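Architecture at a glance
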Number of protein chains: 4
Amino acid sequence: MTRNIRVEELTQRPVEKQKIEVVERKGLGHPDSVADGIAEEISRALCKEYIERFGRVLHHNTDKIQIVAGRSRPAFGGGEVIQPQYILLTGRATRVCGDVEVPVDAIALRTARNHLKRALRNLDLDTHVIIDCKIGTGSADLCDIFDRDASTVPSANDTSYGVGYAPLSETERIVYSTEQELLSLRSRIPAIGEDIKVMGLREDDTIYLTIACAMVDRYIDDLDHYVETKKEIVEEISAKAQSMTRRRVDVQMNVGDNIATGSVYITVTGTSAEMGDDGAVGRGNRANGLITPNRPMSLEATSGKNPINHVGKIYNLLSNLIAKEIAEEVDGVEEVYVKILSQIGKPISQPHIASVQLVLKEGVRLSSAHARAREITDRWLEDIPRVQQMIFHGELQTY
Amino acid sequence: MTRNIRVEELTQRPVEKQKIEVVERKGLGHPDSVADGIAEEISRALCKEYIERFGRVLHHNTDKIQIVAGRSRPAFGGGEVIQPQYILLTGRATRVCGDVEVPVDAIALRTARNHLKRALRNLDLDTHVIIDCKIGTGSADLCDIFDRDASTVPSANDTSYGVGYAPLSETERIVYSTEQELLSLRSRIPAIGEDIKVMGLREDDTIYLTIACAMVDRYIDDLDHYVETKKEIVEEISAKAQSMTRRRVDVQMNVGDNIATGSVYITVTGTSAEMGDDGAVGRGNRANGLITPNRPMSLEATSGKNPINHVGKIYNLLSNLIAKEIAEEVDGVEEVYVKILSQIGKPISQPHIASVQLVLKEGVRLSSAHARAREITDRWLEDIPRVQQMIFHGELQTY
Amino acid sequence: MTRNIRVEELTQRPVEKQKIEVVERKGLGHPDSVADGIAEEISRALCKEYIERFGRVLHHNTDKIQIVAGRSRPAFGGGEVIQPQYILLTGRATRVCGDVEVPVDAIALRTARNHLKRALRNLDLDTHVIIDCKIGTGSADLCDIFDRDASTVPSANDTSYGVGYAPLSETERIVYSTEQELLSLRSRIPAIGEDIKVMGLREDDTIYLTIACAMVDRYIDDLDHYVETKKEIVEEISAKAQSMTRRRVDVQMNVGDNIATGSVYITVTGTSAEMGDDGAVGRGNRANGLITPNRPMSLEATSGKNPINHVGKIYNLLSNLIAKEIAEEVDGVEEVYVKILSQIGKPISQPHIASVQLVLKEGVRLSSAHARAREITDRWLEDIPRVQQMIFHGELQTY
Amino acid sequence: MTRNIRVEELTQRPVEKQKIEVVERKGLGHPDSVADGIAEEISRALCKEYIERFGRVLHHNTDKIQIVAGRSRPAFGGGEVIQPQYILLTGRATRVCGDVEVPVDAIALRTARNHLKRALRNLDLDTHVIIDCKIGTGSADLCDIFDRDASTVPSANDTSYGVGYAPLSETERIVYSTEQELLSLRSRIPAIGEDIKVMGLREDDTIYLTIACAMVDRYIDDLDHYVETKKEIVEEISAKAQSMTRRRVDVQMNVGDNIATGSVYITVTGTSAEMGDDGAVGRGNRANGLITPNRPMSLEATSGKNPINHVGKIYNLLSNLIAKEIAEEVDGVEEVYVKILSQIGKPISQPHIASVQLVLKEGVRLSSAHARAREITDRWLEDIPRVQQMIFHGELQTY
């Protein structure tokens, strides 16, 4: 069956050439990212378990994780957590199939703990966090919702859509790698916590990076040490960012600090969730790891949803894969925007519409790119099983 | 101090003229909207309480509400709820100021129940829902974070941004009013539940409306009655939508129904949260009541945040107000996009940048609109206290 | 099969003739009694539901209810609840039998709310309490654990025992009726809250009654009014108690009050659970409504357990019924103590042992009472189905 | 001030000479005992913390711990936990004193985990259990409720009583040591789980021990191995018990097993809380480690209460200490029963009454024992600070 794929030219100034650009990334240990990470890891762990036990993935969606912040008393040299954060694992998952019962809650708990270990290395899992689990179940017969015959294409779970684009702008790349750089600096500067937020503003040819980074108190002796450490980090980040662009880069960090009063951004555990900042799935980065108000975005959370029939997940990832390949492979394309819309009950390989919008380089005509863009889109829609494999294996970023 | 306001022309095809447009609205009783509604109402109730007791709003953010779905057995003529939904109220609020203690949890509980009564009139609050409350507190001295001197402008709570645009496209207006129409039809067709989702797709000059509406089982006698009722609703909605446009309108409802097997979308309470669909704040409609992937969007939840210094709320509402006034008052403007970016600790009336992008009608030059657009933006930034009043009084929609 | 019933004489001074006697009753609104009451009402509601749907009671035990106290600010004329109490309903109940699903949680919630309405008439169910539900389920096949054949005697669920005695001593009767009298005084003195604790101490021929009664603030204008009201209550109770005995009665109430500092026992809702006093099933009154350290007691909670095979419930109620009938019907018996011990898996009508100990009146010989006591015990063991009916119909007190 | 101590002779047949005696012990890993253990350890940890920070113990009561059972699938060779148990820590504790904030929740969590490690060595803390914490707080000024002046005697928190007796009967000693023996057998027979219940029934000169012991599945290969292991344990226990008495001992274990159908008592973690058995503080052993319906008992939970002014704890421990010393030190005493009753607000060293009842050996007259018994009682009441020290240091058993 022919797919409803629409390729059109989009007449707009490419983001790179707009005067104002805003880009944000919430880092690995930001409460919203932690929620995303736990959600996605639980989904992956369940997929693995289902495949081992039943040879196929059963129905689940674990995209509702709520992090309720705790209370702490950070102090130079090492403070303490007063009240642990509370993490509520919710969502739903098939628990029984035939006479086999799947230890859904035990898997969810273990996975959540393992992810926290990776994402927040200063968090003491025994005393800094309470993990509760209210994962529901579906109807008894849900274990057959995904057809046993792997060759059948699943039907869309909902009327929903996914969005993607390519390539990343320079500012986007810089914002993204700023967080990566901070994480890699931890080996030298252990005071860097994983709760990082990078806000990038490009005004014409100046890129302002405003970094919030939860510093870990036990590695900082006093206020002087804090000031020094911050200065060192800003220098490292500036150098790294400047090496990526010819534009002017201006880096500021923890701008809410008040050195005079000694009120600075230190934490016991490296995350603001220890003191007042809640987190939830789908409130942070989009599937490409960024928040980009200059770009079309989907509000569908990608993390934690099942990779079999949840179009809110699959179409977001797919849109980005399609956009990326078109941007890389089709000559004359400056920017690609992809939107894929499902209708509940229809095969996911047959979207209601797949819209591909191309911003072409000067002088390029749509006709030269049209066929190739269409073909790439069509192939990826055909290849959804491969995308699902990539999701199982954790090859696709979701936040 | 001069504000950093940037007005620029945006060269792009207006959404109304693009070939593909996707617009979504989650209705009043959709789990995500219910979460938004509870969050916002609690914030408003707290504002009222704080003002009565202390003459000013104290610190709070109640923008983390999680709805964990229950289980039900709907049946024609009236089924039953097996397991109640679970609603977790979280966030934080100042509880003590001087020696006055504010009954935060009692207020939150009462407000949540009242909102549920309004939003889901078939929900039995005594047996269909569990409302739990884990609203935290801030530091003891937080009651002074908002200055007592009302003439002082508060500082931004975070480095964040808001986004708005105007005017609504035809498809956007139709999607929005489709839900309103469904709600008003309830007096005649009581089977219409409030959990409604309207997905609009415009392909060139055809507008496809895909409606999901949780029908209430007790008002439907049997499958025939269901089919009839659905037909009646589709006719009403089609007529209403068609009256708003010259484009062709195609309406489908509950497309996941399988009449042959009798598997149709009925519920006991009029919301899918009774059976498997979770909800959370900030995962649904943006502040203008719509989800619009063709438009720039902010991921900041608007609902539930404090209206004093939370830029994630204030700037989203402000951006829409500015965009709306420019679109209405400035000649030659076809579309307006507004982004406002804060920097933590700076006065909220002095954003890091306020970017106004104008899509001009053919032949109009930026210079003719520039000054007026700037002036409007500047005035609204000056008038933030008025916006806060509008929020207190519930005059601004947040979801 | 002959039952292992042992009737023996107990040589001891009857409680009525001991010099020191301690008796306690926790009233209807005491947090432990509220927990007991909710537990028992949920069990009864489930029994009713199971019988209606399946013609027989299915497996359940809802004897674990935890009340976590809240916070309040009582004040003369009417204070407020700051933080609601939190009531956690736990235990387990069969949810599915065949393809019928029982709305266990909905029933539990509704029942808990109804009981609270009855037990604490000043509690506002919408804002003063959070009711959460974590009732678990058993194995899938548990719906067959109780045989469908009503003529079969169920097997004991555990190796456990029940204890009972008769008759009540004078002090026991006075302590018990003191609470009843306080409840009936409410129509005239609405300030009397239902959270009542009556501690009775008899030293030789003086009975000291120490009453704690949570007064309801809105019905008390000021400290003077409080003092007056308390005086009035003490007079009423003294008169009532004195009318029941020739011994001297000394009544004191709310002895922790400090009138000088104005620190007195007032509450917003009539229960101390609003401010610091937690409650749990099985921590208060024994099945006869009293706590009696001078008597043998069972630690098995009676409330909330299933009346089919839970010997912790059935044997406690049975022991009291047997003791009561022997005390009333057998001549020469001054006191009767009954203990019944089960062994897991054996029919409940065939206890491991039923021990009947008789304190005989002077000059009476065991032989004259032995046969009749044995016969009564044997008949009640035979009549367990009748006891189960009495439990279903709420004819037997459990706390 | 003279204390109200009443010493009287109790004319009754000593338990050792009664025909029927029932004694029960819930072992270390029984859900009720686990709840008791966590409660007591948290109280001790808080005492330690308070003393370190403030030089004195602050107000707290952590005697409300609820264990909600999970679900498991045990299997020979090693099964799995499907749904973790849920442990709710409640109660209340002073959190703030001056400007020092005590990390109550963090301490409670850590302590609970440590106790679980000790009590249930086959429990995987990462996946087999969810620990939630809802410990409340008192009024702001509660940090001064216990006088700073250590020489002042605290006032009773409530009108309540404690009960104790001595010496243990032979059956009591055997029941108690049977559990100890099982625990020490673990080094040789690792399949022995800590969830043990020993029910002792003495009928004349036969002692029937009915043991329930949750066997750990991973250490048992198959049904034959189970049967063998059980046989070995019964032999060991019989030998041990027989060595303690001249009476006949009959030991049975896991009598609910059905070898024919293969339905036997195995567990994954060594506790029945993994599958359906809830637990709560104060529902199991009394302060002397036993449940003894032949003896007077207090229903006041001893574990988890503060050792400063909670008479429910102090008087239970004190009564046992007094009884023990009288039984050991005063000639001619066969049994001692002690009851101590408080009145709220009065110094705990001045009880409303301390009743000492002596069952004397044949021919002994009360006058010869009276003075010495009174003196011992008086001295212990004077020595309450020493008892408190013993509690801090964990020298007194509470369950």
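Residues numbered from 1 in each chain as written. Chains lettered and ligands numbered in written order. Predicted model: local features only at pLDDT ≥ 70, side-chain atom pairs only at ≥ 80, totals over all residues. Heavy atoms only, no water.

This next bit is on the relation of the copies chain A and chain B. The operation relating chain A to chain B is a screw motion whose rotation component is 180°, with 0.0 Å of axial translation and a residual RMSD of 0.0 Å. Look at the turn and shift together and you get a two-fold axis relating the two. Relative to the rotation axis, the C-alpha of Gln-12 of chain A is the closest in chain A, positioned 2.0 Å from it. Looking at chain A, 100% of its interface residues are interface residues in chain B too, so the copies touch through the same face. (Least-squares fit on C-alpha atoms with pLDDT ≥ 70 in both. Contact = heavy atoms within 4.5 Å.)

Attention now moves to the packing of helix H6 (residues 366-382) of chain A against helix H7 (residues 384-392) of chain A. When two helices pack together, their arrangement is given by the angle between their axes and by how far apart the axes lie. Residues and elements named next belong to chain A. One can describe the packing of H6 onto H7 by two numbers: an axis separation of 5 Å at closest approach and a directional angle of 65°. Comparing their axes, H7 and H6 come out roughly perpendicular. Mapping the contact onto sequence places Trp-380, Leu-381 and Glu-382 in H6 and Ile-384, Pro-385, Arg-386 and Val-387 in H7. Residues of the contact of H6 with H7, tallied by class, amount to 5 nonpolar, no polar and 2 charged. (Axes fitted to C-alpha atoms, helices over the stretch in contact; angles between N-to-C directions. Helix = DSSP H or I, 4+ residues; strand = E, 2+ residues; numbered from the N terminus. Parallel < 35°, antiparallel > 145°, perpendicular 65-115°, else oblique. Nonpolar A, V, L, I, M, F, W, Y, C, P; charged D, E, K, R; others polar.)

Counting 83 residues, the largest nonpolar core has Leu-89 and Leu-116 of chain C together with Leu-89 and Leu-116 of chain D as the members making the most contacts within it. Among the elements that make up this core, the one with the highest residue count is helix H1 (residues 31-54) of chain D (10 residues). Setting aside anything within four residues of it in sequence, one finds Leu-116 of chain C in contact with Val-34, Ile-38, Ile-87, Leu-123, Leu-125, Val-129 and Ile-131 of chain C. In this structure, Leu-46 of chain A together with Val-57, Ile-87 and Ala-93 of chain B belong to the second largest nonpolar core, which totals 82 residues. (Core = buried A, V, L, I, M, F, W, Y, C linked by side-chain atoms within 4.5 Å. Buried < 20%, exposed > 50% of the residue type's maximum accessible area, 1.4 Å probe, protein only.)

Another point: the state of the cysteines. Counted by the stated rule, this structure contains 0 disulfides over all chains. Free of any disulfide, Cys-133 of chain A has its nearest neighbouring cysteine sulfur in Cys-133 of chain C, separated by 16 Å. (Disulfide = S-S within 2.5 Å.)

Residues and elements named next belong to chain A. Listed in full, the buried residues belonging to H7 are Ile-384, Val-387, Gln-388, Met-390, Ile-391 and Phe-392. The inward-facing, buried residues of H7 contact helix H1 (31-54), helix H5 (311-329) and H6. Taken from the residues just after H7, Gly-394 is the one with a positive phi, measuring 70°.

Before going further, it helps to examine the interface of chain C and chain D. Tallying the contact residues gives 70 residues for chain C and 70 residues for chain D. A combined buried area of about 6000 Å² lies between chain C and chain D, and 53% of that area is made up of carbon and sulfur atoms. Between the two partners, chain C and chain D, sit 10 salt bridges. Between Asp-278 of chain C and Arg-92 of chain D there is a salt bridge whose closest N-O contact spans 2.6 Å. There are 28 residue pairs in polar contact (both at pLDDT 80 or more) connecting chain C and chain D. In the side of chain C that touches chain D, the residues fall into 25 nonpolar, 24 polar and 21 charged. (Buried area = accessible area lost by both parts, 1.4 Å probe. Salt bridge = Lys/Arg side-chain N within 4 Å of Asp/Glu carboxyl O. Polar contact = N/O pair within 3.5 Å; in protein donor to acceptor, adjacent residues only side chain to side chain.)

Turning to the relation of the copies chain C and chain D, a few remarks are in order. Superposing chain C onto chain D takes a rotation of 180° plus a shift of 0.0 Å along the axis, which leaves an RMSD of 0.1 Å. Both copies share a contact surface, since 100% of the interface residues of chain C are interface residues in chain D too.

How big an interface is tends to be expressed through the accessible area that disappears when the partners come together. Listed by partner, the interface residues are 70 residues for chain A and 70 residues for chain B. Here chain A packs against chain B, burying approximately 6000 Å² in sum over the two surfaces, 53% of which is carbon and sulfur. Counting the surface chain A buries against chain B, the share from its top three residues, Lys-64, Arg-283 and Leu-299 of chain A, is 13%. Viewed at the interface, chain B and chain A are joined by 10 salt bridges. Partitioning the side of chain A that touches chain B into residue classes produces 25 nonpolar, 24 polar and 21 charged.

This brings us to the UniProt feature "binding site: ATP" in chain A. In the numbering adopted here, UniProt assigns the feature "binding site: ATP" to Gly-136, Thr-137, Gly-138, Ser-139, Ala-140 and Asp-141 of chain A. Residue contacts for Gly-136 of chain A: discarding those within four places in its chain leaves Gly-91, Arg-92, Ala-93 and Arg-95 of chain A. (UniProt positions renumbered as here; feature names shortened; annotations may be inferred.)

Here we take up the sheet that holds strand S9 (residues 129-133) of chain C. Residue and element names in this part refer to chain C. Strand order across the open sheet formed by 4 strands is S9-S6-S3-S15, with mixed pairing between neighbours. In the strand order of this sheet, the two ends are held by S9 and strand S15 (279-280), each with one partner. One ladder, built from 7 bridges, connects strand S3 (residues 60-68) with strand S6 (residues 85-93); its direction is antiparallel. Looking at the pairing, Val-68 lines up with Tyr-86 of S6. The strands touched by helix H1 (residues 31-54) within the sheet are S3, S6 and S15, with S3 carrying the most contacts at an inclination of about 150°. (Pairing = 2+ DSSP bridges.)

Another aspect to go through is the side chain of Glu-170 of chain D. Residue and element names in this part refer to chain D. One can find Glu-170 in helix H3 (residues 170-185). A polar contact is formed between the side chain of Glu-170 and the side chain of Arg-247, at a distance of 3.2 Å. Among all residues touching Glu-170, those that are not within four sequence positions of it are Glu-16, Ile-207, Met-244, Thr-245 and Arg-247.

This next bit is on unusual backbone geometry. The omega torsion of the bond from Ala-166 of chain B to Pro-167 of chain B falls at -10°, within 30 degrees of zero and hence cis. Tracing the sequence through the fold places Pro-167 of chain B in the loop between strand S10 (161-166) and helix H3 (170-185). Of note, the phi angle at Asn-254 of chain A is positive, near 45°, even though the residue is not glycine. Along the chain, the position of Asn-254 of chain A falls in the loop between strand S13 (248-253) and strand S14 (266-267).

Turning our attention to the sheet that holds strand S9 (residues 129-133) of chain D. All names here are of chain D. One open sheet holds the 4 strands; their spatial order is S9-S6-S3-S15, and the pairing between them is mixed. Pairing within the sheet leaves two strands with one partner each, and these edge strands are S9 and strand S15 (279-280). Here H1 sits on the sheet in contact with strand S3 (60-68), strand S6 (85-93) and S15, set at roughly 150° to S3.

With respect to the helices and strands, Gln-66 of chain C occurs in strand S3. According to the relative accessible area criterion, Gln-66 of chain C is buried, its value standing at 1%. Here the side chain of Gln-66 of chain C touches Gly-279 of chain C through a polar contact of 3.4 Å, landing on its backbone oxygen. Discounting chain neighbours no more than four positions away, the residues touching Gln-66 of chain C are Tyr-86, Ile-87, Leu-88, Gly-279 and Ala-280 of chain C together with Lys-64, Ile-65, Gln-66 and Thr-90 of chain D.

This part takes up the packing of aromatic side chains. Tallied over the full model, the rule gives 8 aromatic pairs over all chains. On the basis of an interplanar angle of 40° and a centroid distance of 6.4 Å, the ring pair of Tyr-50 of chain A and Phe-54 of chain A is categorised as tilted. You can see Tyr-50 of chain A and its partner Phe-54 of chain A sitting in helix H1, 4 residues apart, about one turn around the helix. Like Phe-54 of chain A, Tyr-50 of chain A is buried. Plain terms: the ring middles of Tyr-165 of chain B and Tyr-337 of chain B are 6.1 Å apart, the flat faces sit at 35° to each other, and that makes the pair tilted. Taken together, the residues Tyr-165 of chain B in strand S10 and Tyr-337 of chain B in strand S16 (residues 333-341) connect sequence positions 172 residues apart. (Phe/Tyr/Trp six-rings, centres within 6.5 Å; stacked < 30°, edge-to-face > 60°.)

It is worth spelling out the pairing of strand S11 (residues 192-203) of chain C at this point. Residues and elements named next belong to chain C. The buried fraction of S11 is high, at 12 of 12 residues. As judged from the 9 bridges shared by S11 and strand S12 (residues 206-216), these two strands associate in the antiparallel manner. In the strand pairing of S12, Lys-197 is matched with Ala-212. A loop of 2 residues connects S11 with S12, the two strands running antiparallel in sequence, and Asp-204 in this loop sits at a positive phi of about 50°.

Turning next to the pattern of salt bridges. Under the criterion given, the structure shown has 164 salt bridges over all chains. Across the pair Asp-204 of chain B and Arg-6 of chain A runs a salt bridge whose closest N-O atoms are separated by 3.0 Å. One end of the pair, Asp-204 of chain B, is in the loop between strand S11 (192-203) and strand S12 (206-216); the other, Arg-6 of chain A, is in strand S1 (residues 5-9), on a second chain. Glu-328 of chain D is the salt-bridge partner of Lys-324 of chain D, the closest N and O atoms lying 3.6 Å from each other.

On to helix H2 (residues 104-119) of chain A, then. All names here are of chain A. In a regular helix each residue adds 1.5 Å, so 16 residues correspond to 22 Å; H2 covers 22 Å between its end C-alpha atoms and thus fits that length. In terms of burial, H2 is largely enclosed, as 12 of its 16 residues are buried. Buried within H2 are the following residues: Val-104, Asp-105, Ala-106, Ile-107, Ala-108, Leu-109, Thr-111, Ala-112, Arg-113, His-115, Leu-116 and Ala-119. (Expected span 1.5 Å × (residues − 1).)

Residue and element names in this part refer to chain B. Checked against the element boundaries, Ile-314 lands in helix H5 (residues 311-329). In this structure Ile-314 comes out as buried when scored by relative accessible area, which is 1%. Note: C-alpha distance between Ile-314 and Lys-339 (25 residues apart in sequence) is 12 Å.

Let's shift gears to the confidence of the model for chain A. Averaged over all residues, the pLDDT of chain A is 94; the fraction at 70 or higher stands at 96%. Across the whole predicted complex the pTM is 0.93, and at the interface the ipTM reaches 0.91. (pLDDT = per-residue confidence, 0-100.)

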